[in-house]
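Close look at the chain arrangement
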Amino acid sequence: MPNNRYITTPIYYVNDRPHIGHVYTTTVCDVWARFMRLLGDDVFFLTGTDEHGQKVEQSAEARGVTPLELADENSAEFRRIMGMFDLTNDEFIRTTDSRHESQVQSLVQRLMDSGDVYLGTFEGWYDAGQEEYYTETKARDVDYVSPISGKPLERATEENYYFRLSAYQDRLEAMFESHPGIVRPEARRNEVLGRLREGLLDVPISRTNFAWGIGVPGAGEHVIYVWIDALFNYITALGLADPESDWYAARNGYWPATVQVIGKEILWFHAVIWPALLMALELPLPGCVYAHSFWISEGQKMSKSMGNFIDLEQLQEYMQTYGRDSLRYFLATQGPLGATDADFSRSQFHETYTTDLVNTLGNCASRTSAMIGKYCDGECPVDSGDAVGADVDWARFTAEQVEIAADSMEAFDLARSIGAAMTIVRKVDAFINDTEPFKLAKDPDAAGTVGSILYRCAEAIRIAACLLESTMPDRIATLRTAWNLGESTADLRSECVWGRLAPGTSIAKVALFPRVDAPEE
Ligand code: MSP
């Protein structure tokens, strides 16, 4: 039986245009999902759009369209990027899907029935002109007068539905103790735990000051807070709150998620509120919430006011110049997985491309296939076991790297996984330099030795390629075709066993990564 694996991205707000942040998170999930599929696992990969809330209502109003029209348009833009970057999500959920909406209502109903959601009263200083509450401190700072309208703030009360988060304090602390890997990287887990220990308050989960949302069951003037609506997407996409549905029948086995990938700015919702909601619903917790850090741009934080977002147009331009797979490679190996931010700079992109892809992987594959062309008539030679002057136990060495690559991918350490494949390629490069088959080939008596060397090179590259396929599916497909390697068998481990490359296979010369001129300073 294949393993079930479930990976999710955050669902993206439709009041923003897609940019590198969205492409990044979805791409790293895609690399992982593809790798797990290559291992033979049964993967469900979810992404989508978060479409309710006051901001969407306001942007739509400003544009003179309905909230749903705005959502339709921008959600389509997000779906378009999935194709543009060849992202293989199994479902694209929209929070305006009726199956999501009805399930959110039944989930909230369940929480009301269990007493985890209750109607409470909130009292505070209200700016009627702005329809906004001030905290006590902020109200004091403005002398209890609206800085906008000049009218006094009013003491107002509001009824809201609350989620009894405070009741989960102990269970959440215990969860972090007994299951430390639930939030990664560790720095992020410690951050949440520190804040958790300051104590939890109940959270309002409904709003009455706008309409664009899912109604609280039985209390139509209240709409469900957009974050609660959004978090539930991870289970409504599997039909968990609709056991009669076809979604449930086909997908319920994927819960709990294996890994839920988010950016660090939305950690609290995912590391505290989300597990508490699941506890309240008596559902199992995800294996891991992985909060990556941020891309910054040429050393600067990206922001709307700075206008320095790496947007889709720029990403497209990178793809045109360097190829889509090179962009995926860069995002996966140089990106902000882990606790520190990463800089997206043109010079570093170029450097990574040239060093790793042109000079290492591309060069090694083209050198090896060119020599097989020249010395072996383009047919994979036989390794007759000759001593070739450089002592490498290839079967053992590649098996070790395969394990590192698979284990690291499992742990969501993409750079290390890809690094293991590249270690194999670098070893091949050094092996060619040490054994010098191009010199030996001048001696007709050494033909067998040359064949043995070249078999080992090609076989090691083939194994590295299998490990790199989830990161660079298109380039590896080109190599598979040129070298007649056939399609992947979804059994990565046995495909990576040394010696699977059959002598006699026709090996054509490949140019995987063309050299690109350095960008101008
Ligand atoms: N809609 C909420 C998430 C709800 S999930 C139940 C949201 N949406 S968002 O459109 O703002 O997307 C946020 C996500 O985009 C981040 O968590 C991260 O995955 C990605 N990124 C946004 N900016 C980023 C960077 N600068 N760098 C890397 N990824 C970032 O929040």
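Refer to the structure above for everything that follows.
Residues numbered from 1 in each chain as written. Predicted model: local features only at pLDDT ≥ 70, side-chain atom pairs only at ≥ 80, totals over all residues. Heavy atoms only, no water.

1. What to know about the nonpolar core
For soluble globular proteins, the rule of thumb is that nonpolar side chains tend to be buried together. So the rule is basically this: Buried Ala, Val, Leu, Ile, Met, Phe, Trp, Tyr and Cys residues form a nonpolar core when they are joined through side-chain atoms within 4.5 Å. Only protein chains enter the accessibility calculation, which uses a 1.4 Å probe; a residue is then buried when its area is under 20% of its type maximum, exposed when over 50%, and partly exposed in between. For helices the rule is a DSSP run of H or I covering at least 4 residues; for strands it is a run of E covering at least 2, with both sets numbered from the N terminus onward. What makes two residues a contact is simply this: any of their non-hydrogen atoms within 4.5 Å.
Residues Ile7, Phe85, Trp295, Leu315, Phe344, Phe412 and Trp483 are the most contacted members of the largest nonpolar core, which totals 99 residues. Ranked by residues supplied to this core, first place goes to helix H18 (residues 447–468) with 14 residues. Look past the residues within four positions of Leu315 in its chain and what remains in contact with it is His19, Ile20, Val23, Phe85, Ile310, Leu327 and Phe344. With 60 residues, the next largest nonpolar core counts Leu172, Met175, Ile205 and Leu267 among its residues.

2. A look at the site of the ligand
Cut-off, in case you're wondering: Here a residue counts as near a molecule or strand whenever at least one of its heavy atoms sits within 4 Å of it. We call two N or O atoms a polar contact when they sit within 3.5 Å, provided that within protein one can donate a hydrogen and the other can accept it, with sequence-adjacent residues counted only if both atoms are side-chain atoms. Here a cavity means grid points, on a 1 Å grid over the protein atoms only, where a 1.4 Å probe fits yet cannot get out; a pocket means an open set of points with protein on both sides within 12 Å along at least five of seven lines; lining residues are those with an atom within 4 Å of a point. Being in a pocket or cavity means that more than half of the molecule's atoms lie within 2 Å of its grid points.
Inspection of the region around the ligand gives 22 residues, with Ile11, Thr25, Asp50, Gly263 and Trp295 positioned closest. For the ligand, an oxygen atom lies 2.9 Å from a polar atom in the backbone of Gly263. Trp295 places a main-chain nitrogen or oxygen 2.9 Å from a nitrogen atom of the ligand. The pocket occupied by the ligand, as judged from atoms lying within 2 Å of grid points, is the largest pocket. At the level of secondary structure, the elements contributing two or more residues to the shell around the ligand comprise strand E1 (4–13), helix H1 (20–38) and helix H8 (226–231).

3. A word on the sheet that holds E1
The pairing of strands in a sheet happens through backbone hydrogen bonds and is either parallel or antiparallel. The test is simple: Two strands qualify as a pair provided DSSP detects at least 2 bridges between them.
Across the sheet, which stays open at both edges, the six strands sit in the order E3-E2-E1-E12-E13-E7 with parallel pairing between neighbours. In this open sheet, the two edge strands, each paired with only one partner strand, are strand E3 (91–94) and strand E7 (183–184). Where strand E12 (residues 259–263) meets strand E13 (residues 289–292), four bridges bridge the pair, whose relative direction is parallel. Bridge pairing links Ile262 to Ala291 in E13.

4. Remarks on the layout of surface pockets
Cut-off, in case you're wondering: Grid points are joined across faces, edges and corners, and a volume is the space filled by probe spheres set on the points. Residues were grouped as follows: Ala, Val, Leu, Ile, Met, Phe, Trp, Tyr, Cys and Pro as nonpolar; Asp, Glu, Lys and Arg as charged; and all remaining residues, including Gly, as polar.
What the largest pocket holds in volume is close to 990 Å³. Lining the largest pocket are 40 residues, and of these Asp16, His19, His22, Glu265 and Phe309 lie nearest its centre. Breaking the lining of the largest pocket down by element, the ones donating at least two residues are E1, H1, H8, helix H9 (233–236), E12, strand E14 (295–297) and helix H12 (312–322). For the lining of the largest pocket, a count of residues per class yields 18 nonpolar, 12 polar and 10 charged. Each pocket or cavity is described by its volume, and for the second largest pocket that value is around 590 Å³.

5. Section: the environment of Val497
Tracing the backbone shows Val497 in the segment after helix H20 (492–495). Residues Val497 and Thr398, spaced 99 residues apart in sequence, show a C-alpha to C-alpha distance of 8.3 Å.

6. A short note on the pairing of E12
Basically, it comes down to this: Clockwise travel from the first strand over the helix to the second, with the strands pointing away from the viewer, marks a crossover as right-handed.
In terms of burial, E12 is a largely internal element, five of the five residues being buried. The pairing of E1 with E12 spans two bridges and is classified as parallel. The residue bridging Ile7 from the neighbouring strand is Val259, located in E12. Handedness of the crossover is the feature at issue here: the chain leaves E12, passes through helix H11 (residues 267–280), returns alongside E13, and the resulting connection is right-handed.

In short, geometric facts, not functional conclusions.
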